[in-house]
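# Descriptive analysis of the structure
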Amino acid sequence: MPAWPIVALVAAVWVAPVAWLHPRRDRRRVLVLAHYLVLVLLAGALIVASPAFILFAAIGYPLAIAMLPARLVMAGVTLTAVVNVAAQAGRGGGATLPTVLAGVALPLVIAGWHVAGEHDKRRRLVGRLRAAMAENADLNARLLGQARRAGMLDERHRVAGEIHDTVAQDLVALIGQLDAAERVRDDPARRRYLDQAAELARRSLSEARRSVRALHPEQLEDARLPEAVTRMAESWSKSSGVDLTLEITGTPVALAADVEAALFRVAQEALANVAKHARATRTGLTLSYTDETILLDIRDNGTGFTPQEPGDGFGLDGMRQRVRGVGGTLDIESEPGGGTAVAAAVPSIPAEGT
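Here's what I pulled together on the structure shown here. (Residues numbered from 1 in each chain as written. Predicted model: local features only at pLDDT ≥ 70, side-chain atom pairs only at ≥ 80, totals over all residues. Heavy atoms only, no water.)

Here we come to helix α3 (residues 29-49). Taking 1.5 Å per residue, 21 residues should reach 30 Å; α3 reaches 30 Å between its end C-alpha atoms and fits that length. Listed in full, the buried residues belonging to α3 are V32, H35, Y36, L39, V40, L42, A43, G44, L46 and I47. (Helix = DSSP H or I, 4+ residues; strand = E, 2+ residues; numbered from the N terminus. Expected span 1.5 Å × (residues − 1). Buried < 20%, exposed > 50% of the residue type's maximum accessible area, 1.4 Å probe, protein only.)

Spelled out as structure tokens, the structure:
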């Protein structure tokens with residue numbers, strides 16, 4: 001009984017796992033390569049046994065293109081062609097020039113055309129990806145600029161509201177006191193009106209100064225954000241009597257002034273809320289520097305609250321406006337009796353000149 005039927009049976013069984021290997025070719029490259037090499041050798045053995053198997057051996061060409069990594073496609077096609085030609089020559093006929101051209105050169109041309117086509121497709125894809133990245137970078141820069149301008153408008157509205165509610169009203173009352181004093185110029189009550197006017201003037205000056213300080217924290221005048229936050233946290237812990245764990249991770253970098261001011265004010269407001277409302281015994285503050293984002297987290301074990309319920313005052317809304325103003329996000333997680341966590345994430349916008 002000739003041996004070729006056994007080899008043919010083995011080859012048929014060996015082809016069967018191709019459907020299973022193809023989806024896994026990127027994860028099991030060694031297994032795919034070994035399977036391909038054995039299949040090519042089996043095809044060569046069958047050609048030696050009978051020229052009818054030349055058609056079967058041609059399966060090596062599409063399998064090389066479909067199964068092997070791109071850099072091995074040419075090697076696989078070349079190996080298949082060489083085995084086919086060598087097997088035909090081994091049958092005793094010798095390899096003529098047409099046989100070599102048909103068996104080696106033509107498959108190599110086809111494989112080269114395929115590889116070149118794949119290379120062109122990848123090159124075009126890389127070009128489109130680079131163009132998309134450049135467009136996204138430009139869009140991101142514009143969005144950050146818009147967010148910062150929106151934040152400036154929010155801050156202006158906030159300051160305008162504070163001026164209207166405090167300084168403007170005090171000035172109106174001051175004018176009223178001066179008018180009253182003018183009407184009773186020779187009356188002993190004139191002194192009382194003037195004293196009240198002076199008090200209103202001093203209060204208005206104090207409010208105006210407070211509004212100016214709110215635009216840029218005094219603590220950041222002579223220090224960068226990590227140092228300012230550290231000083232503020234230590235002072236807060238001493239005055240509030242609440243234990244505070246401070247952690248700064250990553251490599252601190254100089255950030256744009258409005259970014260540092262926003263993060264500082266958020267930390268300041270969050271700790272003020274802890275002292276006023278939370279009745280906490282432990283608080284943690286973490287400032288994290290990453291390549292693209294600055295993260296600020298403030299956690300406490302206090303009484304907590306329901307963030308969805310509307311609150312009084314400017315606190316939480318003010319923190320959201322500040323963070324949104326520099327293109328960031330603010331998340332507040334809390335529940336009654338479960339403490340509170342405030343997490344701010346803002347883009348790492350470097351300071352000018354760095």
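Next comes the rest of the description.
Let's shift gears to the pattern of salt bridges. Within the structure shown, the criterion is met by two salt bridges. Residue R224 is joined to E260 by a salt bridge in which the shortest nitrogen-to-oxygen separation is 3.1 Å. Linking R224 in the loop between α8 (189-215) and α9 (225-240) with E260 in helix α10 (residues 257-278), this pair joins segments that are 36 residues apart in sequence. Two residues, D317 and R320, come together in a salt bridge whose shortest N-O distance is 3.6 Å. Of this pair, D317 and R320 both sit in helix α11 (residues 315-325), separated by three residues, roughly a single helical turn. What makes D317 partly exposed here is its relative accessible area of 44%. Take R320: its relative accessible area is 30%, and that puts it in the partly exposed class. (Salt bridge = Lys/Arg side-chain N within 4 Å of Asp/Glu carboxyl O.)

Turning to the environment of A43, a few remarks are in order. Among the structural elements, A43 can be located in helix α3. Contacts of A43, omitting those with residues within four sequence positions, involve F56 and A57. (Contact = heavy atoms within 4.5 Å.)

Take the packing of α9 against α10 next. For the pair α9 and α10, the least separation of the axes is 11 Å and the interaxial angle reads 10°. The angle between α9 and α10 places the two elements in the roughly parallel class. Contact residues: α9 offers L225, A228, V229, M232, A233, W236 and S240, while α10 offers E260, L263, F264, A267, Q268, L271, A272, V274 and A275. Here the contact of α9 with α10 is built from residues that sort into 13 nonpolar, two polar and one charged. (Axes fitted to C-alpha atoms, helices over the stretch in contact; angles between N-to-C directions. Parallel < 35°, antiparallel > 145°, perpendicular 65-115°, else oblique. Nonpolar A, V, L, I, M, F, W, Y, C, P; charged D, E, K, R; others polar.)

What follows covers the sheet that holds strand β3 (residues 293-300). Consider a sheet: its strands pair through backbone hydrogen bonds, and that pairing is either parallel or antiparallel. The sheet built from five strands is open, its strands ordered β1-β2-β3-β5-β4 with mixed pairing. One side of each edge strand has no neighbouring strand; the edge strands of this open sheet are β1 (243-249) and β4 (329-334). Neighbour-to-neighbour, the strand axes of the sheet open up by a mean angle of 10°, direction not taken into account. For β1 and strand β2 (residues 282-289), the ladder comprises seven bridges, and the chain directions are parallel. Residue pairing across strands places D243 opposite R282, the latter belonging to β2. Packing of α9 onto the sheet brings it into contact with β1 and β2, and relative to β1 it is tilted by some 170°. Relative to the sheet, α11 contacts β4 and β5 (340-347), its axis offset from that of β4 by approximately 150°. (Pairing = 2+ DSSP bridges.)

Let us look at a nonpolar patch on the surface. Together, L33, L37 and L79 line one region of the surface with nonpolar side chains, adding up to about 200 Å² of accessible area. Positionally, L79 belongs in helix α6 (residues 70-93). (Patch = residues over 30% accessible without salt bridge, like charges linked within 9 Å, V, L, I, M, F, W, Y side chains within 5 Å. Areas by Shrake-Rupley, 256 points an atom, 1.4 Å probe, with all protein chains shown as cover.)

So, about the pairing of β3. The two faces of β3 differ: I294, L296, I298 and D300 on one face are buried, but T293, L295, D297 and R299 on the other face are not. Here β2 hands over to β3 after three residues, the two strands then running antiparallel side by side. Sheet topology places β3 next to β5; eight bridges connect them, and they run antiparallel. When the sheet's bridge partners are listed, L295 is paired in β5 with A345.

At R279, a position not held by glycine, the phi torsion is positive, near 55°. Mapped onto the elements, R279 comes out in the loop between α10 and β2.

This part takes up the nonpolar core. As a rule of thumb, nonpolar side chains are buried together in soluble globular proteins. Counting residues in each nonpolar core, the largest one holds 38 residues, and the members touching the most others are L225, V259, L263, L296 and L330. Broken down by secondary-structure element, the contributors of at least two residues to this core are α9, α10, β2, β3, α11, β4 and β5. In terms of residue count, the dominant contributor to this core is α10 (eleven residues). With residues up to four places along the chain from it excluded, the contact list for L263 reads L225, L255, I294, L296, A344 and V346. The next biggest cluster of nonpolar side chains, apart from the first, holds 15 residues, and it includes V32, L39, Y61 and L68. (Core = buried A, V, L, I, M, F, W, Y, C linked by side-chain atoms within 4.5 Å.)

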